[in-house]
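# Commentary on secondary and tertiary structure
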Amino acid sequence: MRENFLPLSRPSIGPAEIAAVTDCLESGWLTGGPRVQRFEDAFAAAVGARHAVAVSSATAGLHLTLLAAGLGAGDEVITTPMTWAATGNMILAVGATPVFVDVDPGTLQIDPAAVGRAVGPRTRAILPVHFAGQPADMDTLRAIADRHGLALVEDAAHALGTHYRGRPIGGGTTAAVFSFHPIKAITTGEGGMITTDDASLADRLRLLRFHGIARDAWTRYGRRGTPDYEIVALGFKYNLTDLQAALGLVQLGRLEEFIVARTRVAGWYTEALSAVAGVEMLAGVGYPARHTWHLLVVRLPQHDRDGVMQRLLESNIGVGLHFKALHLHRFYRDRLGTRPESLPHATRASESILSLPLFPAMTRDDVRDVADALADAIHRDAA
């Protein structure tokens, strides 16, 4: 057993990040200001979008995007149940109803055929989730959205740096929403980004992220600003700070370094886990894609997943569950009444998947420790 605990994830923070945050502290401008603007510009360029709007979290980004796209009471949004709470919760937060459809059993990406079958008279949007670092089939989803006049909003919390058919995720749809939580590809501590090619949507998002005030703090309190302001819409306090943007700018500059490291670790896992009976890695998507390995999700279809997870923790190996499908949670069962058997692939995955440690600083020895502990846990389960 390992002497030290190996966490599920650990952010890569170095001297450059610390220096950037220190410079921001010494500048006297800590909230939304010039660094946020630079971060937005750099992020838009990195993902090939025309506009980027920084927010306090990806959850806030989903909330604002759905509001700005005009979603509300009586509307339906088709989405996947294999996602974090924020995806479904924010659909409900704007008054709309999530319509869960099943996933591909191999990749756990949303099934476009199921999306097409679920479109109805109240459908207003499709909200795919790019699962674990691979992209959903955006061409097929875009065709469905175009055919029915629907918004296409991407939950890209797992997908910074991910490519679909040679193009980075982040442009070409209504909007994409990214996360900067410490477990993600880059971090700002907490935070998120919305990207879009629609200038009017970007303007609406900027308005809603700061109380519906027509001019932000940097404009009002900068050298050429005046403190006057006008509230023109019901908005929220969802802005990113300059402190966070200072960290994000350095992290964004290291994105390719992080992706290369994650891919290397994933390769070690592929080799090590091939010798562990009863463990299945997720399948690769069947179209050209760049996998950024946000998560290392495996399936244990013949074993007690919860028991294996507990044994891994006892062996000083961190684990995660991404995800227990939303339609299986009590809140959504009571609210929507979706039956487990109606989404068989998502239901089965929820019972058998777990996430193993994966972050850029991991070593080959770390991966061997995980594989050995997993093999031992499975052997004990089978005994």
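Below or above, wherever it landed, is the structure these notes cover. Position labels on residues start from 1 in each chain and follow its written sequence. For a predicted model such as this one, the threshold for reporting local features is a pLDDT of at least 70, and the threshold for listing and counting side-chain atom pairs is 80 or more; totals across whole chains, interfaces and linings nevertheless cover every residue. Side-chain numbers here rest on the full set of heavy atoms in the structure, without hydrogens or water.

## Section: the packing of aromatic side chains
Two rings belonging to Phe, Tyr or Trp (six-membered ring only in the last case) form a pair when the distance between their centres is within 6.5 Å. Interplanar angles under 30 degrees mark stacking, angles over 60 mark edge-to-face geometry, and anything in between is tilted. Applying the stated criterion across every chain, the model contains 9 aromatic pairs. An aromatic cluster is built from Phe39, Phe43, Phe178 and Phe180, whose rings are joined through pairwise contacts.

## Here's the deal with the sheet that holds strand S5 (residues 151-155)
Any two strands are treated as partners once DSSP identifies two or more bridges connecting them. Secondary structure follows DSSP: runs of H or I at least 4 residues long count as helices, runs of E at least 2 residues long count as strands, and numbering of each begins at the N terminus. An order of S1-S9-S8-S5-S4-S2-S3 is seen for the 7 strands of this open sheet, with the pairing classed as mixed. Only two strands of the sheet have a single neighbouring strand rather than two, namely strand S1 (51-55) and strand S3 (97-100). Averaged over all pairs of adjacent strands, the angle between their axes in this sheet comes to 25 degrees, without regard to strand direction. Here 4 bridges tie strand S2 (residues 76-79) to S3, and the two strands are oriented parallel to one another. Residue threonine 79 lies in a different strand from S3, and its bridge partner there is phenylalanine 100. It only takes one pair of heavy atoms within 4.5 Å for two residues to be counted as in contact. The convention used is that axes are lines fitted to C-alpha atoms, helices contributing only their stretch in contact, and that angles between N-to-C directions extend from 0 to 180 degrees. Here helix H6 (residues 138-148) sits on the sheet in contact with strand S4 (123-127) and S5, set at roughly 150 degrees to S5.

## Description of the side chain of aspartate 366
Secondary-structure assignment places aspartate 366 in helix H14 (residues 364-382). For aspartate 366, a relative accessible area of 12% translates into the label buried. Each polar contact in these results corresponds to two N or O atoms within 3.5 Å; when the atoms are within protein, one needs to be able to donate a hydrogen and the other to accept it, and residues that are neighboring in sequence are counted only if both atoms are side-chain atoms. A distance of 3.0 Å separates a polar side-chain atom of aspartate 366 from the backbone nitrogen of threonine 363. Under the scheme applied here, a residue whose accessible area is under 20% of the maximum for its type counts as buried, over 50% as exposed, and between as partly exposed, the area being computed with a 1.4 Å probe on protein chains only.

## As for the sheet that holds strand S6 (residues 163-164)
The strands making up a sheet associate through hydrogen bonds between their backbones, and the pairing can be parallel or antiparallel. Strand order in the open sheet made by the 3 strands is S7-S6-S11, with antiparallel pairing throughout. Only two strands of the sheet have a single partner each, and these edge strands are strand S7 (167-168) and strand S11 (289-290).

## So, the nonpolar core
Working definition of a nonpolar core: buried Ala, Val, Leu, Ile, Met, Phe, Trp, Tyr and Cys residues. They are joined through side-chain atoms within 4.5 Å. Ranked by internal contacts, the top residues of the largest apolar core, which has 40 residues, are Phe39, Phe43 and Phe178. For this core, the elements supplying multiple residues, two or more each, are helix H2 (34-47), S1, helix H5 (112-118), H6, strand S8 (175-179), helix H9 (242-253) and helix H10 (255-273). Ignoring any residue separated from it by four or fewer positions in sequence, one finds phenylalanine 39 in contact with Phe180, Ile186, Thr188, Met193, Leu240, Ala245, Gly248, Leu249 and Leu252.

## Some details on the pairing of S8
Buried residues dominate S8, accounting for 5 of its 5 residues. As paired elements, S5 and S8 share 3 bridges and run parallel to each other. Bridging across to S8, aspartate 155 finds its partner in valine 177. Of the strand pairs in this sheet, S8 and strand S9 (residues 192-196) are connected by 4 bridges, and their pairing is antiparallel. Bridged to serine 179 within S9 is glycine 192.

## A short note on the pattern of salt bridges
Charged atoms that come close allow side chains of opposite charge to pair. Criterion for a salt bridge: a side-chain nitrogen of Lys or Arg within 4 Å of a carboxyl oxygen of Asp or Glu. Counted under the stated rule, the structure contains 19 salt bridges. The residue glutamate 256 makes a salt bridge to arginine 290 at a minimum N-O spacing of 2.6 Å. Of the two residues, glutamate 256 is situated in helix H10 and arginine 290 in strand S11; the sequence distance between them amounts to 34 residues. Connected through shared salt-bridge partners, Arg2, Asp366 and Asp369 make up one network.

## Focus: unusual backbone geometry
The amide bond that connects histidine 322 to the next residue, phenylalanine 323, takes the cis arrangement and shows omega of 10 degrees. In this fold, phenylalanine 323 is placed in the loop between helix H11 (305-314) and helix H12 (330-336). Despite not being glycine, arginine 165 shows a phi value in the positive range, around 50 degrees. Along the chain, arginine 165 falls in the loop between S6 and S7.

## Observations regarding the pairing of S3
The two faces of a sheet get side chains in turn, since along a regular strand they alternate between them. The side-chain alternation of S3 yields one buried face, formed by Pro98 and Phe100, and one unburied face, formed by Thr97 and Val99. By convention, orient the strands away from the viewer: a clockwise path from the first strand over the helix to the second makes the crossover right-handed. Handedness of the S2-helix H4 (residues 85-93)-S3 crossover: right-handed.

## Regarding the packing of helix H3 (residues 58-68) against H4
Packing of H3 against H4 brings their axes to within 9 Å, and their N-to-C directions diverge by 35 degrees. Where H3 crosses over H4, the two elements pack in a sense that is right-handed. Side by side, H3 and H4 meet where Thr59, Leu62, His63 and Leu66 of the first sit next to Ala86, Thr87, Met90, Ile91 and Ala93 of the second. As a working rule, the residues Ala, Val, Leu, Ile, Met, Phe, Trp, Tyr, Cys and Pro are called nonpolar, Asp, Glu, Lys and Arg charged, and the rest polar, with Gly in that last group. The residue makeup of the contact of H3 with H4, split by class, is 6 nonpolar, 3 polar and no charged. We call a crossing left-handed when the near helix sits turned anticlockwise from the far one by less than a right angle, and right-handed when that turn is clockwise.

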